[in-house]
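# What the coordinates show
The chain contents come next:
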Amino acid sequence: MCGIIACVGCGDDTLDTLVHGLSKLDYRGYDSAGVALTAPGDETVAVVKREGKLERLREALDQADAAGTAPSGTVGMAHTRWSTHGPPSDANAHPHTDCSGEVAVVHNGIIENYQTLRDELEAAGHEFRSETDTEVIPHLIEDLLAGPEYDHADPEPAIREAMTRLEGSFAVVVSVAGVETLFASRQDNPLVLGASPRDAESASGERSEPRAGATYLASDVPAFREFTDRVVYLENGEFARIDTDGFTITDSDGGVVEKTVETVDWDPEDTGKSGYDHFMLKEIYEQPRALRQCLQGRVDEMGGRVTLDVDIEPERVQFVACGTSYHAALYGAELFREAGVPAQCFLASEYATSTPPVDDALVVGVTQSGETADTLSALREARSRGARTLACTNTVGSTAARECDEALFIRSGPEIGVAATKTFASQQTALNMLALSVAQQRGRAGTMRESLSALRDLPGEVQAILDESSAEAVAEEFVDAPSYFFIGRGVHYPVALEGALKLKEISYKHAEGFASGELKHGPLALVTGETPVFAVVTGDGPLATKTIGNVKEVESRDAPVVAVTDGRSDVGRYADHVLEIPEAPPRTAAVLANVQLQLVAYHVADMLGRPIDKPRNLAKSVTVE
Ligand code: AGP
């Protein structure tokens, strides 16, 4: 999704800071990039933007530098665009400007009434240069500034008025030529402010961090994390003004809002590759640490208890989520049902039309980013119908965390690869603990000690898989297959779905996940000797026996079988390859099995030379519905 970084107070480093910030937002996925700078005395904002990757923007800036025309300024903003309205092109890239080049805007989100605004502005003589919805914003501000009630010397009132005319979702930053101030607002799209040490000092009495006097605005903290760890999350409808004196945040009526300056608890190095070829691989290998962090202080094995900092006693649960998080939600729902709590799982984008009665349900939004538009929308829908909501998220300060009644943080640390890996394992683990805590409340924690020791062992078991996996050899054998199937039952059904999603999104190979029992109801028609089938089979109970029956069905159609198993059943007899996992109860085996499938997906994609961390057409955080 689109990325924003903007700053005031970086002096001669402004352009470098912006380009560096864009590189840190690179992981979100984008198809064009641009910068805009201004300094006191300028009559227009200098803009350079290019379709394509950041490298193309860098080249354009280098050429401008060589020609002595590089944009310069002490106030700047930059953007990576993931196209929605109009294809990727130089013209459609942000920043966008008004007719005079005096007002520049970067925007994330969608302006739903842009066509109406554009028609009005074109009728008033404004000339548009792009096909984007965003371009209405600078023209609208220009139009207002031309009126008698507004003044160029202080553009804030005109900008505020423009914001009230926008419908849809937006995080917007506005720069006006020659003005050493940036203006910003948000509605249903994240925007975070990076406070300078001086601002932090006034709020907390501490002093640290480089670059006193600089203030940042961004769609995501990594954009400025190297310069400050002090952040302020903007709420819907709030308006920020940043200048060399710091920042002021006001509500929609102009009243000053006292904000808390929070401290980010992860290091800038956490957003580097640390020697791994890809962020995805690094994040797969970070899973033991991520799981330890997720479990820390929450599992009391001696006391036989789980202690989570959430206040819930649900009669029923509805999960809403998308993509990988939906698979974690399916897993969570299964565990809640085991705990005796009726639980349903909805694709967030379908929740509003499903209109399930919420009554006494707790609605749990599972979202690593906490910013997925479909999930936020489903949670809002649930709230508007009176439900209590809980966000299961990785992102402290995210919209989901702030809007929900309760938040359960999965504590994975930053995940940069578009393909979710460690956050999925942490979501599974957090939901596992949540279900156990509810079982405990209901006096149904029969196997609590076994479950707690399984959780305790989980990080070490994941490490053992990472150390010993033969997934690379399996990937090598099947890298040329045209299609891949993944099957599992119970808690392993979501693992099958996730295994297939991971493979398809990063390798671009066709892959499908099925509940094992469903194969014979249709998909079996597609199974041939060229369809590797990955079967997740753990334990030696009835579910394992049934899945082995399904394995035999595909085997007799000549399909190669890869069993992901703890070896307690005889599935290995029917499999061409075995990817081993340690013996564990089903609920943690589902975490372990998934690690093997992550590795298979990674190695297939790597052998095919795919851009693993930024697969085509995909974005890390999907902030449009
Ligand atoms: C999976 O690898 C993807 N990144 C995607 O399916 C993702 O899980 C989905 O877009 C939901 O994101 P969220 O967890 O941030 O809400």
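Before any of the text, the structure's been laid out above.
The following paragraphs examine the structure supplied in this document. The structure presented is a predicted model; accordingly, all values stated were derived computationally and were not measured.

## Regarding the site of the ligand
Every one of the 13 residues lining the ligand counts as a neighbour, but S325, T367, S369, T372 and E505 are closest to it. A distance of 3.2 Å separates an oxygen atom of the ligand from a polar atom in the backbone of T324. Contact with the protein chains hides 92% of the accessible area of the ligand, taken as 410 Å² for the molecule alone. The set of elements that each furnish at least two residues to the shell around the ligand consists of helix 9 (323-338) and helix 16 (492-507). Top contributing element to the shell around the ligand by residue count: helix 9, with three residues. Of the residues contributing to the shell around the ligand, the split by class is four nonpolar, seven polar and two charged.

## Looking at the side chain of D133
Structurally, D133 can be placed in the loop between helix 3 (114-123) and helix 4 (136-146). Look at D133: it is buried, it has no salt bridge, and the nearest opposite charge is R81 at 6.2 Å. Among the polar contacts listed, one links the side chain of D133 to the backbone nitrogen of I111, at a separation of 2.9 Å. Among all residues touching D133, those that are not within four sequence positions of it are H85, H107, G109, I110, I111 and Y114.

## Points about the pattern of salt bridges
Following the criterion strictly, the structure yields 30 salt bridges and no others. R456 serves as the salt-bridge partner of E301, at 2.7 Å between the closest nitrogen and oxygen. Residue E301 is found in the loop between strand 15 (299-300) and strand 16 (305-306), and its partner R456 is found in helix 14 (residues 448-468); the two are separated by 155 residues along the sequence. The exposure class assigned to E301 is partly exposed, which follows from its relative accessible area of 26%. Note on R456: relative accessible area 46%, which makes it partly exposed. Notably, a salt bridge pairs R568 with D566, separated by 3.1 Å at the nearest N-O pair. The exposure class assigned to R568 is partly exposed, which follows from its relative accessible area of 35%. For D566, a relative accessible area of 9% corresponds to the buried category.

## Overview of a negative patch on the surface
Residues D277, E472, E476 and D606 make up a contiguous surface patch of negative charge. Tracing the backbone shows E476 in helix 15 (residues 471-478). What makes E476 exposed here is its relative accessible area of 56%.

## A closer look at the packing of helix 3 against helix 4
Running from N to C, helix 3 and helix 4 point in directions that differ by 45°, and their axes come no closer than 10 Å. For the element pair helix 3 / helix 4, the angle class is oblique. In this structure, helix 3 crosses over helix 4, and the sense of that crossing is left-handed. In this structure, helix 3 uses Y114, L117, R118 and L121 to contact helix 4, whose residues at the interface are V136, H139, L140 and D143.

## Re the sheet that holds strand 5 (residues 96-97)
Pairing is antiparallel in the open sheet, where six strands are placed in the order 5-6-7-8-12-13. The open sheet has two free edges, formed respectively by strand 5 and strand 13 (246-250), since each of these has just one partner strand. Bridge count between strand 8 (residues 181-187) and strand 12 (residues 239-243): five bridges; the pairing is antiparallel. Counterpart to T181 in the pairing with strand 12 is D243.

## So, the sheet that holds strand 10 (residues 215-218)
One open sheet holds the eight strands; their spatial order is 3-2-4-1-10-9-11-14, and the pairing between them is antiparallel. Lying at the two open borders of the sheet, with one neighbouring strand each, are strand 3 (46-51) and strand 14 (262-263). Examined bridge by bridge, strand 9 (residues 192-194) and strand 10 share three bridges and lie antiparallel to one another. The partner of G194 across the bridge, within strand 10, is Y216. Of the strands in this sheet, strand 2 (32-38) and strand 3 are in contact with helix 2 (residues 54-66), which crosses strand 3 at around 140°.

Definitions and cut-offs
- Residues numbered from 1 in each chain as written.
- Predicted model: local features only at pLDDT ≥ 70, side-chain atom pairs only at ≥ 80, totals over all residues.
- Heavy atoms only, no water.
- Near = heavy atom within 4 Å.
- Polar contact = N/O pair within 3.5 Å; in protein donor to acceptor, adjacent residues only side chain to side chain.
- Areas by Shrake-Rupley, 256 points an atom, 1.4 Å probe, with all protein chains shown as cover.
- Helix = DSSP H or I, 4+ residues; strand = E, 2+ residues; numbered from the N terminus.
- Nonpolar A, V, L, I, M, F, W, Y, C, P; charged D, E, K, R; others polar.
- Buried < 20%, exposed > 50% of the residue type's maximum accessible area, 1.4 Å probe, protein only.
- Lys, Arg positive; Asp, Glu negative; His and termini not counted.
- Salt bridge = Lys/Arg side-chain N within 4 Å of Asp/Glu carboxyl O.
- Contact = heavy atoms within 4.5 Å.
- Patch = residues over 30% accessible without salt bridge, like charges linked within 9 Å, V, L, I, M, F, W, Y side chains within 5 Å.
- Charge placed at Lys NZ, Arg CZ, Asp CG, Glu CD.
- Axes fitted to C-alpha atoms, helices over the stretch in contact; angles between N-to-C directions.
- Parallel < 35°, antiparallel > 145°, perpendicular 65-115°, else oblique.
- Left-handed = near helix turned anticlockwise from the far one by under 90°.
- Pairing = 2+ DSSP bridges.

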